[in-house]
Amino acid sequence: MSALSTTLIHHPYEAPEGFAGPAHAVHKASTVFFPTVAAMRSREWKDKTAYTYGLHGTPTTYALEERLCTLEGGAQCVLVPSGLAAVALVALAVLKTGDELLIPDNAYGPNKTLAEGELRAWGITHRYYNAMDPQDLAAKLSSATRMVWVEAAGSVTLEFPDLPALVRICKQHGALVALDNTWGAGIAFKPFDLEPGAPEPLAVDISAHALTKYPSGGGDVLMGSVITRDTALHLKIKLCHMRLGLAVGANDAEMVLRSLPSITLRYRAHDEATRALAAWCQTQSAFVQVLHPALPRSPGHGFWKTLCDRPDGGAACLFSVVFAPHFSQDQVDAFCDALQLFRLGYSWAGPVSLVVPYDLRSMRSVWPAEIAQGTMVRFSVGLEAVADLQADIAQALRAMVG
Ligand SMILES: *Cc1c(COP(=O)(O)O)cnc(C)c1O
């Protein structure tokens, strides 16, 4: 007879197979068991044929990866602990000393900070290009350019680039194209099919996605994914992922699996509310510019229309306003402080509406020609009623001037 402690660990009972329910099981593991040494030696960890170690995948992470591939139209997926880790993994897997990276000047800020910090220290150079000017990208591509980031819409300012044109220029040059697909989330447009119906699909090479935003939808999980269609490129990323040990927690993966079935409904609800609020803000004299790709006067609206204006497309949950120049920074801060339903906080695509004031001068190498001068505030529209959110902005505008 074994001791009780031993029996509790090596308990003979196995629950019957065949349980089925709407939730996906949470398989927690660092250790995975092998029946024999031969199995231990022969099992493959780089694909989904087996299990070897928690870092390399469990039924929970495999299921999430496959569903994310379906969402974005990719073939392979790697999960990482945050959206920024996805951006970093792409850079570390693909770039080496002597390579040059091109980043849009309106990219997600920490993507630029990574280039200015670690990448520069490792001898990887970078240049910023104007995403609204494909000729600027073409002029900055050189023999050293290994990879180009694209992002649609731009971070904070939400200009919408001619994404197919940018991707085509990179392809002609032979540079890899990595997309930060957090805004589109696989819904607004299809990153691996940017010209539906074209004889040769126009596709990015890599799509990085902050699952923290729409796929989670709760403001309570940090996670990211890196999706590809090229097996060799995926293996390069998978190897780098293994070496860096970028595992995700099983409970977090299950939370994203639980939210994913409602992503299209949430995207639509956020989208409709955001369009209504952005259109109303255009009628307010305090704002000299409202930035939201579905607004006809917003920069790049025509490119947004071509790529995303379908019944199952969309324009996400973000819009920014530029305050008239006579409002001081203190007044704009007072406006943000006066908001009640819009909470001060980073991130977006959760149930709670959020607001962040931004100083564009510290974020851009040049002030973009298409953006009015003035203090900028970005709203992330949650799932509250539009009328209540509109009333909240109206009362904060009165509080600011009163
Ligand atoms: C939030 C965000 C990220 C980073 O995601 P985290 O999970 O917060 O690290 C990357 N890119 C974009 C466009 C984002 O909005």
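In this numbering scheme, every chain counts its residues from 1 along its sequence in written order. In keeping with the predicted nature of the model, local features appear solely for residues at pLDDT of at least 70, side-chain atom pairs appear and are counted solely at 80 or more, and the whole-chain, interface and lining totals rest on all residues. Based on all heavy atoms of the structure, the side-chain values leave hydrogens and waters out of the count.

Engineer: Where do I start with the sheet that holds strand 5 (residues 176-180) in this structure?
Structural biologist: Strand pairing in a sheet takes place through backbone hydrogen bonds and is either antiparallel or parallel in direction. Pairing within the open sheet is mixed, and its seven strands lie in the order 1-7-6-5-4-2-3. Two strands bound the open sheet, and with one partner strand each, they are strand 1 (76-80) and strand 3 (125-129). Direction aside, the axes of adjacent strands within the sheet are offset by 20° on average. Strand pairing is defined by DSSP finding a minimum of two bridges between the two strands. Think of it this way: any DSSP run of H or I at least four residues long counts as a helix, any run of E at least two long counts as a strand, and we number them from the N terminus. Bridge analysis of strand 5 against strand 6 (residues 206-210) gives three bridges, and the strand direction is parallel. If you follow Asp180 over to strand 6, its bridge partner there is Ala208. Contacts are assigned to residue pairs that have any heavy atoms within 4.5 Å of one another. Lines fitted to C-alpha atoms define the axes here, with helix axes fitted over just the stretch in contact, and angles between the N-to-C directions of these axes take values from 0 to 180 degrees. Packed on one face of the sheet, helix 4 (residues 83-94) meets strand 1, strand 4 (145-151), strand 5, strand 6 and strand 7 (224-228) and runs near 155° to strand 6.

Engineer: Can you help me understand the packing of aromatic side chains in this one?
Structural biologist: Each aromatic ring pair is characterised by the separation of its centres together with the angle its planes make. Note on ring pairs: Phe, Tyr and Trp rings are taken, using the six-membered ring of Trp, and paired if centres are within 6.5 Å. Classes follow the plane angle, with under 30 degrees stacked, over 60 edge-to-face and the rest tilted. Under the defined criterion, the tally for this structure stands at twelve aromatic pairs. Summarising the aromatic geometry, the rings of Phe342 and Phe379 are spaced 5.1 Å apart at their centres and angled 65° between planes, so their arrangement reads as edge-to-face. Highlighted residues: Phe342 in the loop between helix 12 (329-338) and strand 10 (343-344) and Phe379 in strand 12 (residues 376-380), separated in sequence by 37 residues. Summary of the burial criterion: residues with accessible area below 20% of their type's maximum are buried, those above 50% are exposed, and those between are partly exposed, where the area comes from a 1.4 Å probe applied to protein chains only. Phe342 gets classed as buried once you look at its relative accessible area, which sits at 1%.

Engineer: How should the pattern of salt bridges be read in this particular structure?
Structural biologist: Any two side chains of opposite charge can pair, so long as their charged atoms come close to each other. Any Lys or Arg side-chain nitrogen located within 4 Å of an Asp or Glu carboxyl oxygen qualifies as a salt bridge. All chains considered together, the criterion is met by 13 salt bridges. A salt bridge links Lys46 to Glu44, with the nearest nitrogen and oxygen atoms 3.3 Å apart. It is possible to trace a salt-bridge network through shared partners that takes in Lys48, Glu65 and Glu66.

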